[in-house]
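A look at the structure
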Amino acid sequence: MLGKQAWKLQANPGNLITRLFKAKYFSRSDFLSSSIGHNPSYVWRSIWSAKFIVRGGYKWSIGTGYDIPVWDNRWVSDGSVFTRPLQLDPMLSYLNVSDLLMANAKKWNMPLICSIFDNSSATKISQTPLLESVVEDKLIWRLEKNGHYSVKSAYRYCINEAIDTTGLQIPGQWNKIWRAEVPPKIKNFIWRLCRNCIPTRARLIQKGVNCPDICALCENEQENNLHIFLLCNNAKEIWKSVGWWNTLQTHLQHNNIADIIFSVLQVFNSDQVSLFMVLLWSIWQQRNDKVWRDKVEPFQHVRARAINLLTDWKGAQNHKNLHSQQRQHNTAICWSKPPTGRYKCNIDASFSKQQNKVGIGMCIRDDQGRFVLAKTEWLSPITDVDIGEALGLLSALNWVHDLQLENVDFELDSRNVVTSFHIVFWK
Ligand SMILES: [Zn+2]
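How each quantity is defined
- Residues numbered from 1 in each chain as written.
- Predicted model: local features only at pLDDT ≥ 70, side-chain atom pairs only at ≥ 80, totals over all residues.
- Helix = DSSP H or I, 4+ residues; strand = E, 2+ residues; numbered from the N terminus.
- Domains from an automatic or database assignment.
- Pairing = 2+ DSSP bridges.
- Buried ≥ 20, exposed ≤ 12 C-beta atoms within 10 Å, placed from the backbone.
- Expected span 1.5 Å × (residues − 1).
- Axes fitted to C-alpha atoms, helices over the stretch in contact; angles between N-to-C directions.
- Parallel < 35°, antiparallel > 145°, perpendicular 65-115°, else oblique.
- Contact = placed C-beta atoms within 7 Å.
- Nonpolar A, V, L, I, M, F, W, Y, C, P; charged D, E, K, R; others polar.

Note on placement: Gly37 falls in the loop between α2 (16-25) and α3 (42-49). Separated by 11 residues in sequence, Gly37 and Phe26 have C-alpha atoms that sit 8.9 Å apart.

Encoded structure:
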């Protein structure tokens with residue numbers, strides 16, 4: 001949530017709150033280049049500490065390019081940053097992205113770019129789309145397809161990228177985790193736990209977050225992985241209640257949670273593995289309920305939540321297996337006619353890495369399924385699948401508009417594009 005406030009300060013300069021903070025704390029720069037200053041208020045210090053999230057998650061959407069410095073900014077499509085070289089010709093120190101465009105067209109000036117950047121950087125630039133429809137330089141949130149900040153993606157970023165997990169390439173039988181018969185979210189949780197990515201208080205403090213370090217459940221010892229999931233009296237009670245405490249104790253000679261989990265998985269059968277994994281997850285839910293909602297749960301609830309999740313999921317799996325043949329039949333892909341009096345325009349994009357191009361095919365048929373018109377188009381540079389499909393839809397909309405055809409349905413196979421389209425237009 002702090003990340004969201006920080007994001008607003010950077011991305012919405014016109015916002016009243018941003019203007020207030022700017023006047024007080026960063027009147028001569030933007031939020032990203034701001035310093036914490038003397039005597040910062042609690043609110044400002046907290047928002048400022050979330051700056052690393054904004055720095056990692058933003059990207060420029062290129063309009064004119066006048067407002068986008070070339071160095072140390074994210075503006076190429078893969079989100080990478082070109083750091084200003086140490087020995088740089090002073091003439092090139094203050095380049096803006098607009099300087100890299102042709103004088104008379106919104107296109108990359110490749111000869112110039114190749115003279116400044118190495119090959120791989122020049123390729124990255126050439127693969128960054130320049131869209132006529134984008135007129136203003138604007139900051140977007142690169143971790144969501146729609147460019148809008150979300151707490152979920154910011155959290156994912158903190159866990160996966162911002163928090164350094166190099167050196168945590170833990171050897172172990174990961175397959176035991178991936179093959180376990182538990183819902184995917186549980187596998188993901190155990191994987192994060194083994195990679196030391198669960199934000200326990202000890203982990204948060206290591207990462208510079210200012211928070212208490214005492215276990216939220218027993219309030220006796222430091223809250224780290226080993227404690228919260230195994231050594232805490234609360235955890236012991238749960239393990240005892242399923243009759244595993246004695247077994248688990250024999251694995252405690254390892255001093256980190258990943259080694260303990262792997263060695264337990266070695267000796268457990270597949271049902272025990274499933275239950276062990278969901279119980280660990282349920283303990284973390286219990287801890288979060290205490291921290292975020294001040295809710296105290298007895299161990300019976302923690303155990304019941306784990307068992308119920310597993311039973312429900314297994315029930316659903318069996319049901320799915322029973323009906324899978326039927327389902328396959330039902331979802332066989334076939335073209336269907338539009339309703340009477342309407343047309344249907346099908347759009348598909350293809351991608352050629354070699355030619356750095358996206359091919360767009362569009363085909364219109366009538367309500368009898370008869371071919372009406374078709375068109376192909378090439379766009380350069382190549383984009384990712386959803387962007388390609390979205391550009392295809394945009395071309396098709398323009399084409400149909402030019403043709404003055406009415407009553408047209410559009411069909412394409414990117415669910416993301418279809419969903420985003422509905423969100424944008426019908427909200
Ligand atoms: Zn504890």
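There's more to say after this.
Here the focus is the domain arrangement of the protein. Domain assignment breaks the protein into domain 1 (2-157), domain 2 (174-327) and domain 3 (343-426). The C-alpha-based centres of domain 2 and domain 3 are spaced at 46 Å.

The next point concerns the pairing of strand β5 (residues 371-379). The pairing of strand β4 (residues 357-365) with β5 spans 8 bridges and is antiparallel. Directly across from Ile360, in β5, lies its bridge partner Glu377. As consecutive antiparallel partners, β4 and β5 are separated by 5 residues, and within that stretch Gly369 has a phi angle of approximately 85°, a positive value.

Turning our eyes to something else, we now look at the pairing of β4. Only one face of β4 is buried: it carries Val358, Ile360, Met362 and Ile364, and the other face, with Lys357, Gly359, Gly361, Cys363 and Arg365, is open. Pairing between strand β3 (residues 343-352) and β4: 9 bridges, direction antiparallel. Across the sheet, Cys345 pairs through a bridge with Ile364, a residue of β4. Counted along the chain from β3 to the antiparallel partner β4, the turn is 4 residues long, and its residue Asn356 has a positive phi close to 55°.

Below, the discussion takes up helix α15 (residues 270-293). Between its terminal C-alpha atoms α15 stretches 34 Å, which fits the 34 Å expected from 24 residues at 1.5 Å a residue. Taken from the residues just after α15, Asp294 is the one with a positive phi, measuring 55°.

Moving on to the packing of helix α9 (residues 184-194) against helix α14 (residues 257-267). Contact pair α9 / α14: the axes reach a minimum separation of 8 Å and the direction vectors enclose 130°. Judged on the interaxial angle alone, α14 and α9 are oblique. Residue-level inspection shows Ile190, Leu193 and Cys194 of α9 in contact with α14, the latter providing Ile257, Ala258 and Ile261. Across the contact of α9 with α14, the residue classes break down as 6 nonpolar, no polar and no charged.

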